[in-house]
Amino acid sequence: MNASTDPQMLDRAERQGAVVRALQGVLPAHALLWHSEDTVPYECDGLTAYRQRPLVVALPETDAQVQAVLKACHALAVPVVARGAGTGLSGGAMPHERGVTLSLAKFNRILRLDAFSRTAVVQCGVRNLAISEAAAPLGLYYAPDPSSQIACTIGGNVAENSGGVHCLKYGMTLHNVLKVKGFTMEGEPVEFGGDAPDAPGLDLLPLVIGSEGMLAVTTEVTVKLVPKPLLARCIMASFDDVRKAGDAVAAVIAAGIIPAGLEMMDKPMTAAVEDFVHAGYDLTAQAILLCESDGTPEEVEEEIGRMSAVLRDAGATAIAVSRDEAERLRFWSGRKNAFPASGRISPDYMCMDSTIPRKRLADILLAIQQMEQKYQLRCANVFHAGDGNLHPLILFDANDADQLHRCEQFGAEILETSVAMGGTVTGEHGVGIEKLNSMCVQFSADENEQMFGVKRAFDPKGLLNPGKVIPTLNRCAEYGRMLVRAGQISHPDLPRF
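For the structure given in this document, a descriptive report is provided here. Since we're looking at a predicted model, the values are computed, not measured.

## Thoughts on unusual backbone geometry
Located in the positive-phi region is A77, a residue other than glycine, with phi close to 60°. Topologically, A77 is positioned in the loop between α3 (63-76) and β3 (80-83). Taking the relative accessible area as the measure of exposure, A77 reaches 37% and is therefore partly exposed. With a phi close to 45°, N465 is a non-glycine residue in the positive phi region.

Structure below.
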């Protein structure tokens, strides 16, 4: 059967034609893409293993156009997936095959910087790093710093509640945002939070931050800015055993020290990044820790001394302290380039994002090493160790269907082991499509239904980013049956921990 006689293709063509005609009435011609060659760049986000071309891509340039697109799609019952820079790692921006991808890339203006209130009002498509660059002449910066900050947008950061290497001291996106403005699926303007530290009415700001584009489309964000510290220095500590390194992380926090950043990399990861950026990492160490202190020179000197003592007592085999800003940035360059460095040594990688109690860091690393043998795939590990947020990068070839299948199983076992250790399936990358099955393990059917209830309150027709984040009862039941068939559990009732 050729495309001209395939009912599904005819149905798609008819649907596409109806959507295009509706959106041509509210968008200029250059802001609407629907030909196959034009929509290919939008078929996935940073999770490249899964791809789907959208029916139509809309690129509005004004709030009024966003509102009009949403109203038109709502009237036609067409799903909408909002997209920023596409740097997400959980498939949260993967298109819906019968829906519109709403690209907000043109919302890239910084509207206002206020040194007195220490705030910035920015459009959702502004890059994370661009905020700090604009605020630098005022002696201020935006604290959350995901590794993708050179490209990721503030709207995407809001959707995923992104963190970064300095989130231990300065908090996640949630802790650094005052207000979010946007539109519901019906095109109704909404505002969460306010310009003051507290806002009247229900506090819905924490609800929309981290909601992965399921409740509303963000167009404008008011962020907090913080003063640039007078000095920052970084310790690079080597360990000959991953358990000693994990215990050192817990020891630093137990000593009452909250570093500006506390990151951990295992031996495979340090080898990958050292070959890429030549940061001066100890390639003989089983794990290294990067511990940063910032503040006044006196504060930094005192804290560096205390942290160094704790790390030595925990078994560090070598300790180096950055002598100047250039060396500090060099220490961090490897950590910041962990993902591209992994891309140089493997055709594909899947980055997991679970969170566990800090005291279990060594346990999860040792468990992952056993999983490498079980699934016959390599895994390089980099952790936001200070808050227990894991980023294991499973290396595989997506062109090999068996490797992809084993990678999916490997990732699921990491997530579910994290839950068993008292953690969660995601820390900052979101659930998207990647972790839907693992949500069945962490949350009961009643809990998932409560989340669906929140979704329905904002989006009764279920048109915003459908099929993601919250697993259906049928999906969880099928996942349970699959685990039974695989011999991993004896009955299909979930959660199993």
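## What to know about the pattern of salt bridges
With the rule as written, the count across this model stands at 26 salt bridges. Residue D363 is joined to R243 by a salt bridge in which the shortest nitrogen-to-oxygen separation is 2.7 Å. Here D363, found in helix α13 (residues 361-375), pairs with R243, found in helix α8 (residues 242-254); they are 120 residues apart in sequence, far enough to count as distant. What makes D363 partly exposed here is its relative accessible area of 21%. Assessed through its relative accessible area of 33%, R243 is described here as partly exposed. With a shortest N-O distance of 3.0 Å, E327 and R323 are connected by a salt bridge. Note on E327: relative accessible area 10%, which makes it buried.

## Comments concerning the sheet that holds β3
On the basis of which strands lie adjacent, the open sheet formed by four strands has the order β1-β2-β4-β3 and mixed pairing. In the strand order of this sheet, the two ends are held by β1 (32-33) and β3, each with one partner. Two strands pair when backbone bridges link them, and β1 and strand β2 (residues 56-58) are joined in this way by two bridges, in the antiparallel orientation. Paired with L33 across the strands is V57, a residue of β2. Together, β2, β3 and β4 (100-103) form the strand contacts of α3, whose direction differs from that of β4 by roughly 170°.

## Section: the packing of α13 against helix α14 (residues 401-420)
Relative placement of two packed helices is described by the angle separating their axes and the distance separating the axes. Here α13 crosses α14 at 155°, and the two axes come no closer than 10 Å. Of the possible angle classes, the one that applies to α13 and α14 is roughly antiparallel. Judged by the twist between their axes, the crossing of α13 over α14 is right-handed. In this structure, α13 contributes I364, I368, M371, E372, K374 and Y375 to the contact, and α14 contributes R406, Q409, F410, E413, I414, T417 and S418. In the contact of α13 with α14, the residues fall into six nonpolar, three polar and four charged.

What counts and how
Residues numbered from 1 in each chain as written. Predicted model: local features only at pLDDT ≥ 70, side-chain atom pairs only at ≥ 80, totals over all residues. Heavy atoms only, no water. Helix = DSSP H or I, 4+ residues; strand = E, 2+ residues; numbered from the N terminus. Buried < 20%, exposed > 50% of the residue type's maximum accessible area, 1.4 Å probe, protein only. Salt bridge = Lys/Arg side-chain N within 4 Å of Asp/Glu carboxyl O. Pairing = 2+ DSSP bridges. Contact = heavy atoms within 4.5 Å. Axes fitted to C-alpha atoms, helices over the stretch in contact; angles between N-to-C directions. Parallel < 35°, antiparallel > 145°, perpendicular 65-115°, else oblique. Left-handed = near helix turned anticlockwise from the far one by under 90°. Nonpolar A, V, L, I, M, F, W, Y, C, P; charged D, E, K, R; others polar.

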